[in-house]
Each structure stands twice: as C-alpha cells, then as structure tokens.
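# Tertiary structure, described
Chain by chain, the residues:
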Amino acid sequence: GNYASNGGAIASSAKINELKGNFISNTATNVGGAFHNISNGTVNFIDSSFIGNYAGNEGGAIYSSGTNSVVTVTAENKDVYFINNTSGSANNTGIYIKQGTLNLNANGHKIEIDDNMYLNGTTNVALDNGTLKLGQDSAKNYTFTKMEV
C-alpha cells in the first residue's frame, strides 16, 4: 500500500469522472486512508473495492469534505466491498462524508460496507451534514451493518 498524511493513495480536489481499481492496505496519518476528496471535488469510483485501509483520524477508506463534494461508488460489472478499513478516531467510518453527497449505485450488483471500525466501536458510514443517495436497485443490493447520521 501507499502512505501519506491525507489520502493514503490519492488526494484530489479535481473532478474525476472514472477511477477504477482496488484500494488495499493504504495508510493516511490524518484523513482518508485510501482517498481524500478535498474541498468540493467529485469522484466516481467504478468497480473499486476498499480493503484494509487505515486513517489516523477519519475515513478509513474515504474522507470527503465540502458542501458541493460528491463521491459516487458504482458497481458497474461486479460487486464492490468496503471491508476492514480502520481509523483511530471516534468520528471514523469506512466512509466519512463531511457535508457533500455520497451516491451508491449497485446496478444489479452488491455494494457491501461492513467490518469498518475505529478503536472504540464500529461505524461503517458517517454523514456529517451530508446526503446519502442510493441507486434505483432493490434494497437487497446494499448491505450496511452500522451507520451514523
């Protein structure tokens, strides 16, 4: 994996239309173990799973901030997983959206967000004045075990 203070693999404030690939064992000493969406950036992850990433503070897999920030996770051709992403902060999750929007589009596949934890408990998705939008799939295509809003 990769190592950085913010966004262990990638930190970006740009508009990224398609980002494909898996994010495994990346580390950020601050936020966004694998990806840090900075100040109103937008990103669309396609068929990307996040496994075993770590952030010292928030967002073991993804940290996104800014009122106009948008993170989209799309399962276009296969199932997508957020598993075993961890953080040292009580405000952590696998995915932490501080304002902005999180879009999940399963497209008939599965998006599973599970076993993401912080040191004192477990929260898989946290929305801090953010919005969660699910695609038009059946609810059975989305798996959440714990969520904080």
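The following refers to the structure shown. Nothing here was measured: the structure is a model prediction, and the numbers come from that model.

On to the nonpolar core, then. Core analysis: the biggest nonpolar cluster contains 22 residues, and Phe45, Phe50, Ile62, Val71, Val73, Phe82 and Ile111 have the highest contact counts within it. Of all elements in the fold, only strand S3 (15-20), strand S7 (42-46), strand S11 (70-74), strand S12 (80-83), strand S14 (95-98), strand S15 (101-105) and strand S16 (111-114) reach the threshold of two or more residues within this core. Those residues in contact with Phe45, other than ones at most four positions away along the chain, are Leu19, Phe23, Phe35, Phe50, Ile62, Val71, Thr72, Val73 and Thr74.

Now for the side chain of His36. Here His36 is to be found in strand S6 (residues 35-37). What makes His36 buried here is its relative accessible area of 10%. In this structure His36 touches Asn6, Gly7, Ile10, Ala11, Ser12, Val31, Tyr63 and Ser65, once residues within four positions along its chain are discounted.

We now examine unusual backbone geometry. In the Ramachandran plot, Asp47 falls in the positive-phi region, its phi being about 55° despite a non-glycine side chain. Summarising the element assignment, Asp47 is placed in the loop between S7 and strand S8 (50-51). Positive phi values are uncommon outside glycine, yet Asn84 reaches one of about 55°. Position of Asn84 relative to the elements: it lies in the loop between S12 and strand S13 (86-87). On the basis of relative accessibility, which here comes to 40%, the residue Asn84 falls in the partly exposed class.

Conventions and cut-offs
Residues numbered from 1 in each chain as written. Predicted model: local features only at pLDDT ≥ 70, side-chain atom pairs only at ≥ 80, totals over all residues. Heavy atoms only, no water. Core = buried A, V, L, I, M, F, W, Y, C linked by side-chain atoms within 4.5 Å. Buried < 20%, exposed > 50% of the residue type's maximum accessible area, 1.4 Å probe, protein only. Helix = DSSP H or I, 4+ residues; strand = E, 2+ residues; numbered from the N terminus. Contact = heavy atoms within 4.5 Å.

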